[in-house]
Amino acid sequence: MTTRRNVLKGLVAGGAATLMGQSLFAKAAQAATSSQGTWHVTGSHWGAIRALVKGGKVTDVQPLEDDPYPTDMIKGIKGIIYSPSRIKYPMARADWLDNRENADRTTRGDNRYVRITWDEALDLFYEELERVQTTHGPSGLFAGATGWRQTGLFHTCINHMNRAVSMHGNYVRKVGDYSTGAGQTILPYVIGSTEVYAQGTSWPVILENADTVVLWASDPLKNLQVGWTCETHESLPYLDELRDKVAAGEIRVISVDPVRSKTQKHLNSEHLYVNPMTDVAFMLAIAHTLYTEDLHDKEFLDIYSLGFDQFISYVMGEGEDATVKTPEWAAEICGVPAEEIRSFARLLASGRTQFLFGWSLQRQQHGEQPYWMGTILASMLGQIGLPGGGVSYSHHYSGVGVPQTGANMPGAFPLNLDLGKTPKHDLHNYKGASNVIPVARWVDMLLNPGDKIQYNGHEVTYPDVRMAVFTGCNPFHHHQDRNKMRKAFRQLETVVAIDFAWTATCRHADLVLPACTQFERNDMDTYGAYSNTGVVAMRKLVDPLYQSKTDYEIFTGLTDRFGRAEEYTRGMTEMQWLRQMYDTTKAANDGRFEMPDFDQFWEDGMVRFQRGENWVRHAAFREDPEINALGTPSGFIEISSRTIEKFGYDDCGAHPKWMEKAERSHGGPNSDRFPIWLQSCHPDQRLHSQMCESDEYRATYAVQGREPVYISPEDAANRGINDGDIVRVFNDRGQLLAGARVSEDYPQGVVRIHEGAWYGPVDASIGALDTYGDPNTVTMDVGASKLSQATSANTCLVEIEKFEGVAPPVTSFGGPIEESL
Ligand SMILES: Nc1nc2c(c(=O)[nH]1)N[C@H]1C(S)=C(S)[C@@H](COP(=O)(O)OP(=O)(O)OC[C@H]3O[C@@H](n4cnc5c(=O)[nH]c(N)nc54)[C@H](O)[C@@H]3O)O[C@H]1N2
Ligand SMILES: Nc1nc2c(c(=O)[nH]1)N[C@H]1C(S)=C(S)[C@@H](COP(=O)(O)OP(=O)(O)OC[C@H]3O[C@@H](n4cnc5c(=O)[nH]c(N)nc54)[C@H](O)[C@@H]3O)O[C@H]1N2
Ligand SMILES: [Mo]
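Thresholds applied
- Residues numbered from 1 in each chain as written.
- Chains lettered and ligands numbered in written order.
- Predicted model: local features only at pLDDT ≥ 70, side-chain atom pairs only at ≥ 80, totals over all residues.
- Heavy atoms only, no water.
- Salt bridge = Lys/Arg side-chain N within 4 Å of Asp/Glu carboxyl O.
- Helix = DSSP H or I, 4+ residues; strand = E, 2+ residues; numbered from the N terminus.
- Buried < 20%, exposed > 50% of the residue type's maximum accessible area, 1.4 Å probe, protein only.
- UniProt positions renumbered as here; feature names shortened; annotations may be inferred.
- Domains from an automatic or database assignment.
- Contact = heavy atoms within 4.5 Å.
- Polar contact = N/O pair within 3.5 Å; in protein donor to acceptor, adjacent residues only side chain to side chain.
- Pairing = 2+ DSSP bridges.

### Examining the pattern of salt bridges
Between side chains of opposite charge, pairing is possible as soon as their charged atoms come close. Under the criterion given, the structure shown has 52 salt bridges. Asp650 is the salt-bridge partner of Lys786, the closest N and O atoms lying 2.7 Å from each other. Here Asp650 lies in the loop between helix 27 (642-647) and strand 26 (676-679) and Lys786 lies in the loop between strand 30 (750-752) and strand 31 (797-802), a separation of 136 residues in the sequence. When its relative accessible area of 29% is taken as the criterion, Lys786 is described as partly exposed. Through salt bridges with shared partners, a single ionic network connects Arg100, Glu101, Glu127, Glu128, Arg131, Asp464, Arg466 and Glu493.

Here you go:
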């Protein structure tokens, strides 16, 4: 098979660190202009692309020849630019404009807006910041939410908002994220770093050395289609190599997942079905088998870990909890027959085993526990730090496992931490409340000012927030429990949303400012978030559409209103910033990685570096655990944690435990009323809510114009549901319409609606039917535990019925209902 990697091997035999002139890419770039228009290179979450521009319009988008494994989502890009859901002008909520903080907030969400000028909009933004800072101080403003802003290091919009707003005054911020909240909180106690965003063992090393690869709740073929920076897709050809090794009987791959995933089907590998949210019971029984059959590596545990005795006495039922965690005990919970649990444990111990964990299973109640157990199982096997063995929590993400070049990458637009002067307003008086909130608890914060919660060994006191600013994120997609959110938004006097698409967040905001898309501005980006394969030039394709502006221009206009624009911009234009960012990077790489001057780079579209060396995660620790001690309190792997024990939490203790969930399918709590588990995994054909507004592309997967709900043949038949029917999905928290896709990949009692489906309620009421199929209309908004307070999106039960009668039209797309002044 010809992969980009093989091509590169041939090209760089001599070892030059930079690949520019010779690359496939530069040759193609020379033929960039034709009668059809001009092809420009740019980067995106979906990979590097070439876009054809003719007559001021993007007419075609193709993956760059450099991309070894382009994603189908490239087809959706044009529809983002030319979406009927674009925000065309600055808009203000009709009921808010006249009465501001005294406006009727029960109509929030009815989507009635008035067009205003940019000057009026920025004056209003500034006046509201002034009012809130003067009346309530920094605890009155929440500007801490962040998300998957489009790519581009200079225009990274979250930094623009943070820099500008913090020049005016301080505000309530967030800690953690929705992706890995539970994992990134627990793992530093257990294995010394968050692990979730760490570079992992190189794929070639895994392919060479592993006997068994366990994909635990991990679907890399689906999730590696996008990256945090411009994605190279260099990790995907490795999955083809893995498929070939599976076929040749050289590696066994086992996907532990309630669902037959895209990756498992692609690899044609084994599937081990486990009941949703019961992995910990399964894992404890594996530990039981390894221990009782003397398959565990005592020497490794002695040298590299602490606290095994305490943990294993829990497994053996010797402590307070007198239950022995036998395979028979676990089988009842996890649905894997006891003998299968035993043979799986024996298989793991029979050779080199690499665990690859996805993140979905920590996005649930007690999400810390399966992650902690992952490290414990890998420690019992004694393979942490060996090539093709041990545990990874990141190989499904942004090209982790592609060897890193070692080159310096450009920095992003600076935050406000380098402020020469203090902000206009008081920085520190939070009136006894906390200034940092665990990210997934901000709706609780709005509803319960003054309340105290536990978080990671600390107490957090919720501030009394009156105003919120959102940019580069879509909270009316990303947060759980829409109806609770709608209640919470009634507490807010002022909500400002800056976006290019009229999302449900805009629909619930008071002031909506039209940013332009990344395709309407000049920028540059890291090519390969972990591989640092190169730097991609992001050339503006077309001028900002309608009245949209770059975030840079928007916040220059805002800071100008309080005399800080010069400081904000440092007196530089967009192109001056880009030049400076590039030149700084070139200087930092000098002598190690050759880079052309800026103009050449801008013309070429990319500078690319030589593939880095293979690497093994935790090898240094294994080699010398004293010198290369882990970042845990003891420096060793902590199978039991004194630190966590001392917090005294009932939902995360001294070592991992099986804990029942608030609701759980397959016989668990509440399953008599709502028998179906809803998983809201990451979409195969979107990036969260981005691209949902791409009409033509959405039509390729929507069912009668609604988001698909994937359902098993048994569940569908039992409810008289046929493939293609509109169904109502509901529980006590909410209700939504979706389109049934009956699929053999789903077992009975398990359905999926991909996260990011645009919320489109029938009206502004609480409990309103969602017309398109946003899964967060029905998900639960509780912290994973007192330790992480992370999202529990995947702890969610529902019932489903066929929708009878005339379905209401979808209200999610096409922008606001415009009213005149
Ligand atoms: N039920 C459920 N919910 C989930 C998840 C789940 O698994 N299940 N996953 C969670 C996870 S892991 C994540 S990361 C979050 C993602 O949540 P978000 O990051 O909030 O989701 P996105 O849809 O990427 O939202 C980005 C928004 O920024 C806008 N935007 C993009 N670029 C720019 C720009 O340059 N300027 C401006 N002004 N705006 C821009 C886009 O139009 C879009 O509206 O969702 C979380 N929510
Ligand atoms: N195409 C695409 N790729 C993406 C994204 C996107 O929006 N679109 N988003 C990116 C982001 S921000 C993130 S955070 C990552 C998310 O990465 P993940 O959270 O790892 O991805 P998911 O797709 O939610 O889930 C992966 C698998 O976990 C399984 N699973 C769910 N619950 C359980 C459980 O209880 N037990 C077991 N054993 N398995 C379970 C699901 O069935 C699914 O096959 O993806 C990134 N990649
Ligand atoms: Mo995420």
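### Overview of the UniProt feature "domain: Molybdopterin oxidoreductase N-terminal" (unreviewed entry) in the chain
Taking the numbering used here, the UniProt-annotated feature "domain: Molybdopterin oxidoreductase N-terminal" (unreviewed entry) corresponds to residues 42-82. Between the C-alpha atoms that bound residues 42-82 there is a distance of 17 Å. The span itself is 12% helix and 34% strand.

### What to know about the domain arrangement of the chain
By a widespread convention, an interface's size corresponds to the accessible area lost as its parts come together. Per the domain assignment, the segments making up the chain are domain 1 (91-178 + 423-608), domain 2 (200-403 + 615-647) and domain 3 (676-816). Taken over C-alpha atoms, the centre of domain 1 sits 28 Å from the centre of domain 3. Across the boundary between the two partners, domain 1 contributes 40 residues, which contact 38 residues of domain 3. Taken together, the links from domain 1 to domain 3 amount to 3 salt bridges. Linking Asp781 and Arg441 is a salt bridge whose minimum nitrogen-to-oxygen distance equals 2.5 Å. Here domain 1 is connected to domain 3 by 26 residue pairs in polar contact (both at pLDDT 80 or more). At the level of elements, helix 18 (442-447), strand 17 (452-455), helix 19 (475-478), helix 20 (482-489) and helix 21 (504-507) are the ones that each hand at least two residues to the side of domain 1 that touches domain 3.

### A closer look at the sheet that holds strand 32 (residues 817-819)
Read from one edge to the other, the open sheet built from 7 strands follows the order 8-19-20-21-6-7-32, with strand pairing classed as mixed. Two strands close off the open sheet at either side, each with one partner strand: strand 8 (141-142) and strand 32. Bridge analysis of strand 7 (residues 112-115) against strand 32 gives 3 bridges, and the strand direction is parallel. Across the sheet, the residue bridging to Tyr113 is Glu818, located in strand 32.

### Description of the UniProt feature "binding site: Mo-bis(molybdopterin guanine dinucleotide)" (unreviewed entry) in the chain
When the UniProt feature table is mapped onto this chain, "binding site: Mo-bis(molybdopterin guanine dinucleotide)" (unreviewed entry) is found at Trp148, Arg363, Asn474, His478, Arg521, Asp551 and Asn776. In summary, the annotated positions, distributed over 629 residues, remain apart in three dimensions as well, the widest C-alpha pair reaching 34.9 Å. Inspection of the secondary structure assignment puts Arg363 in the loop between strand 14 (353-357) and helix 17 (368-381). Overall, Arg363 belongs to the buried group, its relative accessible area being 9%. When sequence neighbours within four positions are dropped, the list of residues in contact with Arg363 reads Tyr178, Ser179, His682, Thr791, Ser792, Ala793, Asn794 and Thr795. Polar side-chain contacts of Arg363 include one of 3.2 Å to the backbone oxygen of Tyr178. Along the chain, the position of Arg521 falls in the loop between strand 21 (511-514) and strand 22 (523-527). When its relative accessible area of 4% is taken as the criterion, Arg521 is described as buried. When near neighbours in sequence (up to four residues on either side) are disregarded, Arg521 contacts Gln150, Thr151, His155, Cys516, Met538, Arg539, Lys540, Thr550, Asp551 and Glu574. Within the local environment of Arg521, its side chain forms a polar contact with the side chain of Asp551, the two groups lying 3.5 Å apart.

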